[in-house]
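Structure assessment
Chain residues, written in single-letter form:
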Amino acid sequence: MDLHLNAPYCMGTIVGVTYDDGVVLGADSRMTIGMLVANDSVSDKITQLTDKVYICRSGPAAVLEFVSDYVRNILDQQTIQFGQPATVKATANLVRLFSYKNTNAIQMGQMGMIVGGWDKYEGGQIFAVAQGGTILKLPYAIDGSGSSGIEGFLDRAWKEGMSKDKAEKLVVKAVSLAIASDAASGGAVRTVTINSDGVRKNCYPPDSLPLCDDKRRRTKTKKTTTTRTERRIDAPKP
Amino acid sequence: MSIFEYNGSAVVAMVGKNCFAIASDRRLGVNLQTIATDFQRIYKIHDKLYIGLSGLATDAQTLYQRLVFRHKLYQLREERDMKPETFASLVSALLYEKRFGPYFCQPVIAGLDDDDVPFICTMDCLGAKELAKDFVVSGTASESLYGVCESMYKPNMESEELFETISQALLSSVDRDCLSGWGGHVLLVTPTEVVERTLKGRMD
């Protein structure tokens, strides 16, 4: 794997879940260059592709920004041609085609995307586009370097037919857990909720996250002041 | 990632007026995964001498055990504690013994000598000593630490001001490094007392 170690990566953690009326997409906000944190609190990994379809990006920043712009361009033309916004499935397919046709050219490491949105035909849908161009329609999906730690959690915690608030809380909890255990994830948690009424974006700053004060893996800490008394043992006099 | 970045670490020591402070981060990781958030990197050799070991955690622990062993033998033979300069030479010799299969550690040594003059030094994994009069750094966040310490350090700071400076320097640097962080551990050593404090930083 030929990693360009001076290029920015937004590996982090991305999550997408469906709920009864739509989808919630979530991501952390850390961008890294090698192991240096380039941007920790304001990068936005959830990009708009069309009115009600957003993409979560994880991988080399340059490639993914290009994919978003390229797909958005094609979708704009398609919207004009067909007279209605593109469906989630069509959008995900375009992203997938880009990934598949350029697998060999993009020698920059793991790239995973989650396309999520709402359209009037099928409602809320999540499509995971994995490395190489695999497309999977799933009720919930995760990707990014921090995702391996929360696979089990999300399998247990996701339930069919959740409400919007529950779904959003679940996404924030999942990304917080990933931030706590993965070094390449951090910063704020951004969520985008898409349903028939529209799109709502939220940002949860680092201090407000459930695990920002992680006491799980700590021993008791206390301030200790030791006052030393003079204790010198002189060498015996000859 | 290199072997020095396997566990992730950040250690810094600064000299003040008749006192010194040594600080480290608290994260222990295995590549990108965080394993522990209260890992101790600064070890006490005697009341006035501390060593912070950054780099590979297993080598840090082994090296500390070997150094404590050597220091206890020294105490038995000489009936006194080792001076910081002597101890630094000991560490340097121990590391160079393993010239072609080294311990992957970068020690930071800080102590007060007999006249309570602070002494700090750092060395690379093969024992090349670097004495400094102001501050020394080591670990994965060392580049950031150099920059921040250079701009924040002032000579002859009193102990409380020194504590504030070293804490800010450590926390700012580890915030920019993925592999270190999760708070800090600061030891402030003056001729009469040792104050150990834990810093709360960004938990990511």
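Residue numbers restart at each chain and count upward from 1, following the sequence in its written direction. Working convention: letters from A go to chains and numbers from 1 go to ligands, in the order in which they are written. Reporting in this predicted model follows two pLDDT cut-offs: at least 70 for local features of residues, and 80 or more for side-chain atom pairs to be given and counted; totals over whole chains, interfaces and linings ignore these cut-offs and use all residues. Based on all heavy atoms of the structure, the side-chain values leave hydrogens and waters out of the count.

A few words on the packing of aromatic side chains. Geometry of aromatic contacts follows a simple scheme: Phe, Tyr and Trp rings, the Trp one being its six-membered ring, pair when their centres are within 6.5 Å, and the pair is stacked under 30 degrees between planes, edge-to-face over 60, tilted otherwise. Tallying each qualifying case throughout the model produces seven aromatic pairs over all chains. Judged by centre distance (5.9 Å) and plane angle (45°), the rings of Phe66(A) and Phe98(A) are tilted. Taken as a pair, Phe66(A) in helix α1 (residues 61-82) and Phe98(A) in helix α2 (residues 88-101) lie far apart in primary sequence, 32 residues in all. Overall, Phe66(A) belongs to the partly exposed group, its relative accessible area being 48%. According to the relative accessible area criterion, Phe98(A) is buried, its value standing at 11%. Ring geometry for Tyr70(A) and Phe98(A): centres 5.7 Å apart, planes at 50°, overall tilted. Pair noted here: Tyr70(A) is in helix α1 and Phe98(A) is in helix α2, with a separation of 28 residues, a long-range link. Buried, partly exposed and exposed residues are distinguished by accessible area as a fraction of the type maximum, computed with a 1.4 Å probe on protein chains only: under 20%, between the cut-offs, and over 50%, respectively. Of the residues examined, Tyr70(A) reaches a relative accessible area of 40% and is grouped as partly exposed. Charges are assigned to positions over rings by a cutoff of 6 Å between ring centre and Lys NZ or Arg CZ, combined with an angular limit of 35 degrees from the ring normal. Over the face of the ring belonging to Phe163(B) we find Arg197(B), whose NZ or CZ atom lies 4.2 Å from the ring centre. Note on conventions: DSSP H or I runs of at least 4 residues are helices, E runs of at least 2 residues are strands, and numbering of each starts at the N terminus.

Now for the environment of Ser2(B). Considering the arrangement of structural elements, one finds Ser2(B) in the segment before β1 (10-15). Along the backbone, Ser2(B) and Asn31(B) are 29 residues apart, and their C-alpha atoms lie at a distance of 9.8 Å.

Bringing the packing of α1(A) against α2(A) into the picture now. Residues and elements named next belong to chain A. Fitted lines through C-alpha atoms serve as axes, helices being fitted only where they are in contact, and the angles separating the N-to-C directions of these axes extend from 0 to 180 degrees. Running from N to C, α1 and α2 cross one another at 135°; their axes reach a closest spacing of 10 Å. Our classification of the angle between α1 and α2 gives oblique. Helix-helix and strand crossings are classified by hand; for α1 and α2 the assignment is right-handed. Across the interface between the two elements, Phe 66, Val 67, Tyr 70, Val 71, Ile 74, Leu 75 and Gln 78 from α1 touch Ala 90, Thr 91, Leu 94, Val 95 and Phe 98 from α2. We call Asp, Glu, Lys and Arg charged. Ala, Val, Leu, Ile, Met, Phe, Trp, Tyr, Cys and Pro are nonpolar, and the rest, Gly among them, are polar. Of the residues contributing to the contact of α1 with α2, the split by class is ten nonpolar, two polar and no charged. Orientation is classified from the angle alone, with under 35 degrees giving roughly parallel, over 145 giving roughly antiparallel, 65 to 115 giving roughly perpendicular, and any other angle giving oblique. Handedness of a helix crossing follows the sense of rotation of the near helix relative to the far helix, less than a right angle counterclockwise being left-handed and clockwise being right-handed. Working rule for contacts: check all heavy atoms of both residues, and any pair within 4.5 Å makes them a contact.

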